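Architecture and fold: a report
This is what each chain is made of:
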Amino acid sequence: MSEAAKPANVPQMAAAAAAGAAKTAGRSGRSTELPEHLKVYKGVWVFIEHDRGQVHSVSWELMGEARKLADKLGVDVSGVLLGGPADKLEDYAKEAYVYGADHCYLMRDPVLQGYRNEPFTKGLTDLVNQYQPEILLLGATTMGRDLAGSVATTLGTGLTADCTELNIDGRALAATRPTFGGSLLCTIMTLAYRPQMATMRPRTAAMPARDESRSGDIITMDLGMIETDIVTKLLAFIPDATSNNINLAYADIIVTAGKGLKNADNCKLVWDLARVLGAEVGATRAVTQAGWLEAERQVGQTGKTVRPKLYIAAGVSGAIQHRVGMEASDVIVAINTDPNAPIFDFAHHGIVGNAMQVLPALTAAFRSHLDKRIRRVA
């Protein structure tokens with residue numbers, strides 16, 4: 001028998017395969033073992049987004065999540081502030097301590113006055129390379145999404161976008177997000193790269209409690225960039241005159257229309273109840289796609305994430321695409337003709353019935369109750 005025809009040594013091949021499997025993960029064959037130079041990365045960072053004198057609330061929501069992650073890892077929480085001479089970065093840092101930060105990294109430069117991707121990417125990338133955090137969190141806002149992608153690309157690390165939950169698995173960040181069009185939730189981990197990056201939508205996490213006794217230190221770093229190095233220029237700020245017309249994310253009460261309302265005319269029943277309650281009107285994706293309500297009113301994975309005190313869902317089935325956008329509501333009331341609709345699995349109160357009949361009855365009942373309260377006060 002020739003050498004080529006001899007049977008392979010099966011035990012040796014199995015041992016070699018097992019050794020190879022220990023070093024690689026999945027079909028990509030990439031190593032899951034963290035390189036030695038990345039094991040020094042420690043700490044959880046939050047990019048604190050601010051614009052025109054206001055810190056975006058998602059930064060404080062993320063600070064609360066960062067505090068939980070850091071406590072599990074036994075590390076510190078740090079806020080990252082980039083801005084220009086007119087920005088009150090030190091004041092924002094004091095707020096960061098109140099919400100859970102131990103330190104703040106501050107970078108101030110004239111070219112950082114107002115957001116532009118290029119200088120902010122360089123600033124945040126330089127800070128990460130210098131001080132080496134193991135986790136970096138940003139809000140899934142217009143600014144956060146733009147910045148997170150470019151920073152992750154520059155650093156050559158992984159980024160999990162639009163997360164609904166953050167946790168720790170061993171030493172890895174376990175970031176959960178919807179996938180396959182929102183039909184599934186998957187948990188993603190960046191095993192062999194640092195920092196581990198994730199973005200989370202506003203209102204996905206609860207606002208943490210304030211602790212006025214907390215304080216911390218500030219570490220400053222220079223950007224080292226001049227205006228002529230930057231391609232984009234800020235010419236003017238033009239506010240959106242309609243931006244505050246629909247404020248779903250911060251509404252205390254929301255009444256949402258689902259496809260179960262059958263047609264656009266029946267959405268009037270949702271508006272009637274919302275007016276009595278002083279509520280915002282929401283919609284499912286099917287409703288906005290049908291043109292019954294504006295796209296800005298969509299709640300769910302491809303719409304707004306909300307955390308109202310009361311959420312009334314009329315004719316909403318409760319598919320996971322919608323659920324991820326509203327399941328953190330304090331009280332959920334569902335109205336649906338189908339007793340087996342998924343929304344009844346997580347609603348606090350359920351009404352099995354025709355929304356076209358139930359909504360007018362609720363509107364009348366709430367109006368009567370509120371009128372009585374007004375008369376008593378008067």
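Not measured: the values here are computed from a predicted model.

1. Some words on the overall build of the protein
Broken down by element type, the protein carries 9 helices and 19 strands. A total of 378 residues make up the protein; the buried ones form 47% of that total. Intrachain contacts of the protein at a sequence separation of at least 6 include 68% that bridge at least 24 residues.

2. Some thoughts on the sheet that holds strand β12 (residues 184-188)
Reading across the sheet, the 3 strands line up as β10-β11-β12 and stay open at both edges, with antiparallel pairing between neighbours. At either end of the open sheet lies a strand with only one pairing partner, and these are β10 (165-169) and β12. For this sheet the average axis-to-axis angle between neighbouring strands, irrespective of direction, equals 30°. Sheet analysis places β10 next to strand β11 (residues 172-179), joined by 5 bridges and oriented antiparallel. Its bridge partner lying in β11, N167 is registered against A174. Set on the sheet, helix α2 (residues 57-73) makes contact with β10 and β11; between it and β10 the angle comes to about 5°.

3. Observations concerning the packing of helix α4 (residues 117-131) against helix α5 (residues 142-155)
Contact geometry for α4 and α5: axes closest at 9 Å, N-to-C directions at 50°. Taken together, α4 and α5 sit at an angle that is classed as oblique. Every pair of crossing elements has a handedness; the one defined by α4 and α5 is right-handed. Where α4 abuts α5, its residues N117, F120, T121, L124, T125, V128 and N129 lie against D146, L147, S150, V151, T154 and L155.

4. Some words on the sheet that holds strand β19 (residues 349-352)
In spatial order, the strands read β16-β15-β17-β18-β19; together these 5 strands make up an open sheet with parallel pairing. Edge positions in the open sheet fall to β16 (280-283) and β19, since each of these has one partner strand only. Looking at each pair of strands side by side, their axes are set apart by 20° on average, direction ignored. Most of the contacts of helix α6 (residues 267-277) go to strand β15 (residues 253-257), to which it runs at about 175°, and overall it touches β15, β16 and β17 (310-314).

5. With respect to the pairing of β11
Counting buried positions along β11 yields 6 of 8 residues, so the element is predominantly enclosed. Connecting β10 to the antiparallel partner β11 that follows it, the hairpin turn spans 2 residues, and G170 within it adopts a positive phi of roughly 70°. Note: β11 against β12, 5 bridges, orientation antiparallel. Within the sheet, the bridge partner assigned to R177 lies in β12 and is C186.

6. Brief notes about the packing of aromatic side chains
As enumerated under the stated definition, the model contains 5 aromatic pairs in all. Plain terms: the ring middles of F47 and F120 are 6.5 Å apart, the flat faces sit at 80° to each other, and that makes the pair edge-to-face. Pair noted here: F47 is in strand β3 (residues 44-47) and F120 is in helix α4, with a separation of 73 residues, a long-range link. No difference in accessibility class separates F47 from F120, as the two residues are buried. Taken together, the aromatic side chains of W45, Y105 and Y131 make up a single cluster linked through ring pairs. Over the ring of F237 we find R52, and its NZ or CZ is 3.8 Å from the ring centre.

7. A short note on the side chain of T160
Within the element layout of this structure, T160 appears in strand β9 (residues 159-163). When its relative accessible area of 4% is taken as the criterion, T160 is described as buried. Apart from residues lying up to four places away in sequence, T160 is in contact with A175, R177, I188, M197, A198 and T199.

8. Points about the environment of A313
Tracing the chain through its elements places A313 in strand β17. According to the relative accessible area criterion, A313 is buried, its value standing at 0%. Measuring from C-alpha to C-alpha, the distance between A313 and I335 comes to 6.1 Å, with 22 residues separating the pair along the chain. If sequence neighbours within four positions are ignored, A313 has contacts with T256, V333, A334, I335 and I343.

9. Things to note about unusual backbone geometry
Along the chain, R194 connects to P195 via a cis peptide bond; the corresponding omega equals 0°. Its location among the elements puts P195 in the loop between β12 and β13 (196-200). Not every positive phi belongs to a glycine, and K262 is a case in point at roughly 80°. As for its position among the elements, K262 is in the loop between β15 and α6.

10. A closer look at the side chain of T125
With respect to the helices, strands and loops of the structure, T125 is situated in helix α4. Its relative accessible area of 6% is what places T125 among the buried residues. Within polar-contact distance, the side chain of T125 engages the backbone oxygen of T121 at 2.6 Å. T125 has contacts with V151, T154 and L155, leaving out every residue within four places of it along the chain.

11. Looking at the confidence of the model for the protein
In regions of low pLDDT, the predicted coordinates are not meant to be interpreted in detail. Of all residues in the protein, 88% have pLDDT values of 70 or greater, and the mean over the chain is 87. Ranking the elements of the protein by mean pLDDT puts strand β1 (residues 24-25) last, at 36, and β3 first, at 98.

12. Structural notes on α2
In this model, α2 (17 residues) spans 25 Å end to end at C-alpha, consistent with the 24 Å of a helix rising 1.5 Å per residue. Of all 17 residues making up α2, 14 are buried, and the element is well covered by its neighbours. Trailing α2 by a residue or two, G74 shows a phi angle of about 75°, which is positive.

About the thresholds
Residues numbered from 1 in each chain as written. Predicted model: local features only at pLDDT ≥ 70, side-chain atom pairs only at ≥ 80, totals over all residues. Heavy atoms only, no water. Helix = DSSP H or I, 4+ residues; strand = E, 2+ residues; numbered from the N terminus. Buried < 20%, exposed > 50% of the residue type's maximum accessible area, 1.4 Å probe, protein only. Contact = heavy atoms within 4.5 Å. Pairing = 2+ DSSP bridges. Axes fitted to C-alpha atoms, helices over the stretch in contact; angles between N-to-C directions. Parallel < 35°, antiparallel > 145°, perpendicular 65-115°, else oblique. Left-handed = near helix turned anticlockwise from the far one by under 90°. Phe/Tyr/Trp six-rings, centres within 6.5 Å; stacked < 30°, edge-to-face > 60°. Lys NZ or Arg CZ within 6 Å of the ring centre and 35° of its normal. Polar contact = N/O pair within 3.5 Å; in protein donor to acceptor, adjacent residues only side chain to side chain. pLDDT = per-residue confidence, 0-100. Expected span 1.5 Å × (residues − 1).

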